[in-house]
Structure formats: C-alpha cells, structure tokens
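Per-entry structural report
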Amino acid sequence: MSHTLVRHARVLVTMDDAQTEISDGALVFEDGVIKAVGSSQDLEGWADGASEIIDAAGAVVTPGLVNTHHHLFQTLTRAVPAGQNALLFDWLKSLYPIWSRFRPEDMYVAAQLGLAELALSGCTMSTDHLYLYPDGVRLEDTIEAAGTIGIRFHPTRGSMSIGESDGGLPPDSLVEKEADILNDCIRVVDAFHDPSEGAMVQVGLAPCSPFSVSRELMRDAALLAREKGVRLHTHLAENDEDIAYSLDKFGCRPGQYAEELGWVGEDVWHAHCVKLDDQEISLFGRTKTGVAHCPCSNCRLGSGIAPVRRLLDAGVPTGLGVDGSASNDAGHLLLEARQAMLLQRVENGADAFGTREALRLASRGGAEMLGRADCGQIAVGKRADFVIWDMTGVETAGAWDPVAALVLCAPVGVRETFVEGKAVVREGRLARAELRDIQAGAAASLKRLMS
C-alpha cells in the first residue's frame, strides 16, 4: 500500500509534548500509521508516489477526538418527557421501563446512530457502557454496529445485579445473576478484546454503579479484569444522592469504597466524579485512576461542576465523555470541550482553563486515559486517526485564532475523519454507511418503543 499525503492545512495541531502547531501543515500516513509530520514545504517530496493527496487548505487538522463515556443505547431515548426535569435517581427510574423493552435490533441501530453522530463530529474512538441486557441483547450487538461506522470501539460489559427488592435502584426485571454476568464477561473478553497496538476493539468490564451491583460483584469484576488484562469502568460520585447512598449503605465515601474493592489504578476509569473531595482527588492522582468528565450531562441532570482543574493539577488522568444521549441529548465532543472550559472558568476564573487544554482533554487526554498511547497525537509512529475541520463556515468567520475557534465558537463541520488511515467521513458524509438507512432503522425502533 502506498502512502497518502495531507497538505496545506491552515494549522496542524499535533498534541505532542511540545504542543507543536504547524502553519501550512502536512502529514503522511501509510498502513494506518503516521510516517511524517511537518510543513507542506518540508513534506513536498512525499507527493511523488502518493496514492492520494488530500488538500486541507483553510482547514484545521487535529488528532481524532476520544469519547471516554457513553451509553449508546440511550440514543433512542432522547428528550423523553418524563425525565426532562429530574435528578439522577428519578431520571433513571423514569427511563428503566422504556429500556426494559429494548431488543437486539434496537441496541444495534442505537449504537449505529450514536457512533455516526460521533464520527460526523470528529470522534475517532469511543467507549460504550452497556449495562442492561433485556430480551437476548448481547454486547456484540454494539460491536457489530461499530464495525459499520469504522471508528475505534472500547465497549464495556456492564451489569446490574441488585434490584429494587434488594435495596437497589433498577427494577428486578433488568438485573442479572452475578454468576451469569461474570461468565459473560469472560466470553466477550475472550471473543472480542484485542490487546495489540492499533486495535480497533478493546473490551472492558463495567458494573454499572455501586447502587446497582453488590460489593462482591465489584470485587470479583476487578479480580477478573486483572486476570484478563482488561480495563475497569463504572459510575462514581456523580451527585449528592450518590454520596448519600454510599454513606448510608457502605458507611464510607465512594473513593474509599472504590479503593477497598480494588477499583483504583492505571487500568481503572470512573465516570463523572463530580463530588470527589480532596482526599479522593489525591487518591486518584497518586494511583493514576482515570476520570471521564461529562460536563453537559452533569449540567442537564443538575449534578454539579466536577473539580476538573483540581483533578488535572493532581495528576489525575482525565478525558471527556458525552454520556448517554438520554442525559445529554447530543453526542458532540467539541460541545463537551467548550462546556468543560466554561464551567471551570465559572468555578475558578477566566484564566483557569484554556482552549488548548480543553482540546487536549478531548483528544490526547482521553486516549491516554484509555491506555491508548498509540493514539491521540499527530506524530510519527502514532496511528493515523485525525480530523480535518472545515473552518470556512459562518460559525468561524472572523476568527483570528482558528484552533481556539474550535472550542470558543459554535461547533464546526467535519470535512474528513480518518481512523487507522481509512476514511470514516469524506466531504462531510459517512464513508462506510448510509446515514438515511441508519436513521430509518432508528425510526422503526423508536416507533415500537414509543407505542
């Protein structure tokens, strides 16, 4: 396979250690790997023998964005009236009955729809936290959907085992036996997890939350994950209700509960962490336990402002997540980057969080938190995951700093999205699937769910 040259970017943002930004930037990739990075003049010789030359004139090129927390099935339950003005626990209770009616085909089209939305807005890698399995649903329903879109996928085998009758939050109809959960965790890891560099699918284990699984399942999942060499994920310290539940049921704060059960370390990342205190932040920084920050969802549910400035200053690996579309109603990581920046400025002052830091959080920060050192940068030897942003629209007209404009201005359109050197979006359209077919499938599922 011969190489491809991308040249004449207005600015190429590398996200390397030196925070290099290259005017009239260019890159070369071959076999899914970046071979050269520099100015268009520096890389002029690569035009000879190139299989394709892509003109990025007027555009900003960045590493692909990384989504570190999502519930793709919720893409079919956006703007549900019953949950529009509820806090976390009541919001969940209003939606559980709808989610209990999902079938495998609903999970598939919901994942397709959510991942298409992400790809079209510059995301090249996404996690998913699927924690309910009604009516024969399997994790591979989402994995197969991801294959039709073409972005890197980190699905997690979630679970719920403590129903209402045992003091948990979910209805009994949506919980599973813990032995069955662990057996299926083994099955999906053995079948789908790829630990190699450049992997397109990596599987994690993800009991839903401390209020929906037992202490024993949390502990056993951690032991199994270490045995299998996969990552761990759950929700933690999301809001005041979450903290109160932990204190009442476990006699300790969420961070202490996590530490006691083996849920800290470089192979663990927690979603939200809005209510971590100083001791918990220190624990996470010391153990390099990751946090998926979901600012739009946190605002939508009134959960609060996560202490992102303090997390980063303490050395806590941190990325961004769009969270489920039922608690956000959008799946756009630039919106999350903007919201994250604005909230930290509200909390800490206008100089507390910059545009480049927000953009790094949305790209390299998420990749590193997920253990993907092979992604997140435009640098020689890294995987060819990058986005060409169209900066010619009215959204950025008049912008002096085009890189800052990606975060400060209204969301811009994606011209091209590449993953592993393969086009996922070309000229603003999905390259591997028909969006109208995905939308038709989603509409059919939605009609049945609403009826």
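Residues numbered from 1 in each chain as written. Predicted model: local features only at pLDDT ≥ 70, side-chain atom pairs only at ≥ 80, totals over all residues. Heavy atoms only, no water.

This part is about empty space enclosed by the protein. Per the stated rule, a full pass over the model turns up 3 cavities of 30 Å³ or more. Computed from the structure, the largest cavity encloses a volume of approximately 120 Å³. Considering the residues around the largest cavity, the lining is formed by 15 residues, among which His 71, Leu 88, Trp 91, Leu 92 and His 235 are closest to the centre. Residue contributions to the lining of the largest cavity peak at 4 residues, all from helix H1 (residues 88-99). (1 Å grid on protein atoms, 1.4 Å probe; cavity = no way out; pocket = protein on both sides within 12 Å on 5 of 7 lines; lining within 4 Å. Points joined across faces, edges and corners; volume = space filled by probe spheres on them. Helix = DSSP H or I, 4+ residues; strand = E, 2+ residues; numbered from the N terminus.)

Our next topic: the pattern of salt bridges. Pairing between side chains of opposite charge can happen when the charged atoms of each approach one another. Applying the stated rule across the entire model yields 34 salt bridges. With a shortest N-O distance of 2.1 Å, Arg 448 and Asp 106 are connected by a salt bridge. Of this pair, Arg 448 sits in helix H14 (residues 435-450) while Asp 106 sits in helix H2 (residues 104-120), and the two are 342 residues apart along the sequence. In this structure Arg 448 comes out as partly exposed when scored by relative accessible area, which is 24%. With a relative accessible area of 1%, Asp 106 lands in the buried category. The partner of Arg 157 in a salt bridge is Asp 184, and the shortest N-O contact between them spans 3.0 Å. With Arg 157 in strand E8 (residues 152-159) and Asp 184 in helix H4 (residues 178-192), this pair connects stretches of sequence that are 27 residues apart. Across the pair, Asp 184 and Arg 157 agree in class, each one buried. Overlapping salt bridges, with partners in common, bring together Arg 138, Glu 140, Arg 157, Glu 176, Asp 184 and Arg 187 in one network. (Salt bridge = Lys/Arg side-chain N within 4 Å of Asp/Glu carboxyl O. Buried < 20%, exposed > 50% of the residue type's maximum accessible area, 1.4 Å probe, protein only.)

Turning our attention to the packing of H2 against helix H3 (residues 140-149). Helix-helix packing: each pair is described by the crossing angle between the helix axes and the interaxial distance. Where H2 contacts H3, the two axes come as close as 8 Å, and the packing angle between them is 40°. Between H2 and H3 lies a crossing whose hand is right-handed. Across the interface between the two elements, Pro 104, Met 107, Tyr 108, Ala 111, Gln 112, Leu 115, Ala 116 and Ala 119 of H2 pack against Asp 141, Thr 142, Glu 144, Ala 145, Ala 146, Thr 148 and Ile 149 of H3. Of the residues in the contact of H2 with H3, the class split is 10 nonpolar, 3 polar and 2 charged. (Axes fitted to C-alpha atoms, helices over the stretch in contact; angles between N-to-C directions. Left-handed = near helix turned anticlockwise from the far one by under 90°. Contact = heavy atoms within 4.5 Å. Nonpolar A, V, L, I, M, F, W, Y, C, P; charged D, E, K, R; others polar.)

Further remarks concern the packing of aromatic side chains. In this structure the tally under the stated criterion is 12 aromatic pairs. Measuring from ring centre to ring centre gives 5.6 Å for Phe 73 and Tyr 131, while their planes differ by 85°; the resulting arrangement is edge-to-face. Linking Phe 73 in the loop between strand E6 (65-67) and H1 with Tyr 131 in the loop between strand E7 (123-130) and H3, this pair joins segments that are 58 residues apart in sequence. As far as burial versus exposure is concerned, Phe 73 and Tyr 131 are alike and both buried. An aromatic cluster of at least three residues, connected via ring pairs, comprises Phe 73, Trp 91, Tyr 96, Trp 99, Phe 102 and Tyr 131. (Phe/Tyr/Trp six-rings, centres within 6.5 Å; stacked < 30°, edge-to-face > 60°.)

Looking at the element boundaries, Gly 354 is found in the loop between helix H11 (333-348) and helix H12 (355-369). With a relative accessible area of 28%, Gly 354 lands in the partly exposed category. Along the backbone, Gly 354 and Ala 405 are 51 residues apart, and their C-alpha atoms lie at a distance of 12 Å.

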